[in-house]
Amino acid sequence: MEQLGYYPGCTLETTGREFDMTTRITCQQLGIELVEIPDWNCCGASSAHELNNYLAISLAARNLAIAEQKLALDVVIPCAACFNRLKVAQKALLNKAYSEFVFEGRTKVYDLLRFLAQPRYKKRLKHQVGKSLKGLKAVAYYGCLLTRPPEVTDHPHPENPTEMDEILKILGVDCLFWSYKTDCCGASLTVGRVDVVHQLVKKLYDHALEVGAECIVTACPLCHANLDLRQKEINEKFNKNYYLPIFYFTELMVLAMDINDTEVWARGHLVDPIPLLKEKGLC
Amino acid sequence: MFTADFLKEVNQHSGEKVQLCFQCFKCSLGCPVSFAMDYLPHQLLRMVQMGLKDRVLHSHTIWVCAACETCTTRCPNHIDIARVIDTLRQMAIKQGKPAEKPIVAFHKAFLNSVRRHGKLNEWELMAEYKLRSTRFLDDLWLIPEMWKRKKLFLRIRGVHKKSEIKKIFKKAKAWNN
């Protein structure tokens, strides 16, 4: 087992519980032991940078300093927003700003998706797939902060990321091409301006359906919450009848690894994915 | 009304050079929330160049920006537009008249909860947001749905070393005025 630092972030302990659960199972199956950063704090997410620059950096920087000093491991982060904030902080610390946090740059920061899309894990994944998800038509949705801006995320293809598509294809998923994989869902406005969110999310549903998708796969707990929790409201508001289950890519990995706890993670979804999975003979 | 050193002020706070914008529209064309804006991003930058401080700081645009970083990623002159908008938000709050009060209420409630515990508490966030925004009925239907799915907990999570979080917030100073 190789060891890796783990920063779950607040969302993965509450609304994104299924993401946390399936991330832990996936990593264990792929031979990665996750070690949670001791006494980690909230990174400030979408709020701190809008109100105060110092808070935006230092809340995230504290976690990095702990990871490097106490764990001396690289860190993997499932939440796209947390990942982005910790990367911003990492770059600020390397520029020798914010000297109150001791950080020399030995600890690297990865987002979970791109970490697992490295060749060695894809190879291991191929051996782990016990139940092909063949016939499940899906679109991979990356959202904003995993890839943008590339100066922060170091992503080589911010306009057309392909990691999730590659992983889903290994699982046997019929991963469809669409042009909206990095269009924003408006998560940071989900409380203050839900009307804007409804329009953005509806557009994503429409374009996913247009290419023939039966579900949307995400890699971010904020995207997931936004797309899953708001579907009922959007149906009522626009007089539609959308049924699009929203999966985390790790959930589908666990499903394809034939680990029998689908009921457990599926219970967390507002849009129940079980009918779709039953129809496909996957549970 | 024209404010002579507005551009200089924005550049200083953001570390960007807003005068480099030559109005190519790329930011506005890629912006997913442009439909909800009163000025498009390229117009906003032009208004900063022209020193139209009041109009910029009272605009809805700076608050409905979803911070998705598409504009920053695509700007041919490498202006970090999302960062410029963060700066404008902070200036608007200092001035005391943000155009989208509920959005500001959300951010303040979020950070207040983090200040108290070091981690976000969803109940506290919702309660403080409702008090600040007076939108008491927003998303009420979601509470039983999320409770049923074990996505909300009564237990308050927090960090052990609260003093370190307190120190960070003390040093950050003006964010809640």
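From a predicted model like this one, the values you see are computed outputs, not experimental measurements.

Cut-offs used in this document
Residues numbered from 1 in each chain as written. Chains lettered and ligands numbered in written order. Predicted model: local features only at pLDDT ≥ 70, side-chain atom pairs only at ≥ 80, totals over all residues. Heavy atoms only, no water. Helix = DSSP H or I, 4+ residues; strand = E, 2+ residues; numbered from the N terminus. Rg over C-alpha atoms; globule rule 2.2 N^0.38 Å. Buried < 20%, exposed > 50% of the residue type's maximum accessible area, 1.4 Å probe, protein only. Contact = heavy atoms within 4.5 Å. Areas by Shrake-Rupley, 256 points an atom, 1.4 Å probe, with all protein chains shown as cover. Lys, Arg positive; Asp, Glu negative; His and termini not counted. Charge placed at Lys NZ, Arg CZ, Asp CG, Glu CD. Domains from an automatic or database assignment. Buried area = accessible area lost by both parts, 1.4 Å probe. Salt bridge = Lys/Arg side-chain N within 4 Å of Asp/Glu carboxyl O. Polar contact = N/O pair within 3.5 Å; in protein donor to acceptor, adjacent residues only side chain to side chain.

### Comments concerning the overall build of chain A
Okay, so step 1: In terms of regular secondary structure, chain A is built from 14 helices and eight strands.
Okay, so step 2: Against the compact-globule benchmark of 19 Å for 283 residues, chain A has a radius of gyration of 18 Å, which places it among compact chains.
Okay, so step 3: The proportion of buried residues among the 283 residues of chain A is 65%.
Okay, so step 4: Contacts in chain A between residues at least 24 apart in sequence constitute 77% of all its contacts with a sequence separation of at least 6.
Okay, so step 5: A total accessible area of about 9,800 Å² is found for chain A, and carbon and sulfur atoms account for 50% of it.
Okay, so step 6: Of the charged side chains in chain A, 32 are positive and 34 negative; the average position of the first set lies 2 Å away from that of the second.

### Details of the overall build of chain B
Okay, so step 1: Along chain B, the regular secondary structure elements total 11 helices and zero strands.
Okay, so step 2: Listing the helices and strands of chain B from first to last along the sequence gives α-α-α-α-α-α-α-α-α-α-α.
Okay, so step 3: With the C-alpha coordinates aligned to their principal axes, the bounding extent of chain B is approximately 50 × 35 × 30 Å.
Okay, so step 4: Considering only contacts within chain B whose residues lie at least 6 apart along the sequence, 64% involve residues at least 24 apart.
Okay, so step 5: By element, 58% of the accessible surface of chain B is carried by carbon and sulfur atoms, the whole surface being about 8,800 Å².
Okay, so step 6: Mean positive and mean negative side-chain charge positions of chain B (32 and 16 charges, respectively) differ by 5 Å.

### So, the domain arrangement of chain A
Residue and element names in this part refer to chain A.
Okay, so step 1: For chain A, the assigned domains read domain 1 (2-114) and domain 2 (132-280).
Okay, so step 2: Once you take the C-alpha centre of each, domain 1 and domain 2 turn out to be 23 Å apart.
Okay, so step 3: At the interface, 26 residues of domain 1 touch 33 residues of domain 2.
Okay, so step 4: For the pair domain 1 and domain 2, the summed buried surface comes to about 2,500 Å²; carbon and sulfur atoms form 73% of the total.
Okay, so step 5: If you sort the residues of domain 1 by the area they bury against domain 2, Glu18, Leu113 and Arg114 come out on top, with a joint share of 27%.
Okay, so step 6: Linking domain 1 with domain 2 are two salt bridges.
Okay, so step 7: Lys91 is paired through a salt bridge with Asp154; the nearest N and O atoms lie 2.8 Å apart.

### A few points about the interface of chain B and chain A
Okay, so step 1: Taken together, the 58 residues of chain B in the interface contact 55 residues of chain A.
Okay, so step 2: Taken together, both faces of the contact between chain B and chain A bury some 5,200 Å²; the carbon and sulfur share is 59%.
Okay, so step 3: Taken together, chain B and chain A are joined by nine salt bridges.
Okay, so step 4: With a closest N to O distance of 2.9 Å, Arg230(A) and Asp139(B) form a salt bridge.
Okay, so step 5: Our count for the chain B to chain A interface comes out at 29 residue pairs in polar contact (both at pLDDT 80 or more).
Okay, so step 6: Of all elements in the fold, only helix H5 (61-64), helix H6 (70-74), helix H7 (81-95), helix H8 (101-117), helix H9 (122-133), helix H10 (142-148) and helix H11 (162-172) of chain B reach the threshold of two or more residues within the side of chain B that touches chain A.
Okay, so step 7: Per-element tally for the side of chain B that touches chain A: the top contributor is H8(B), with eight residues.

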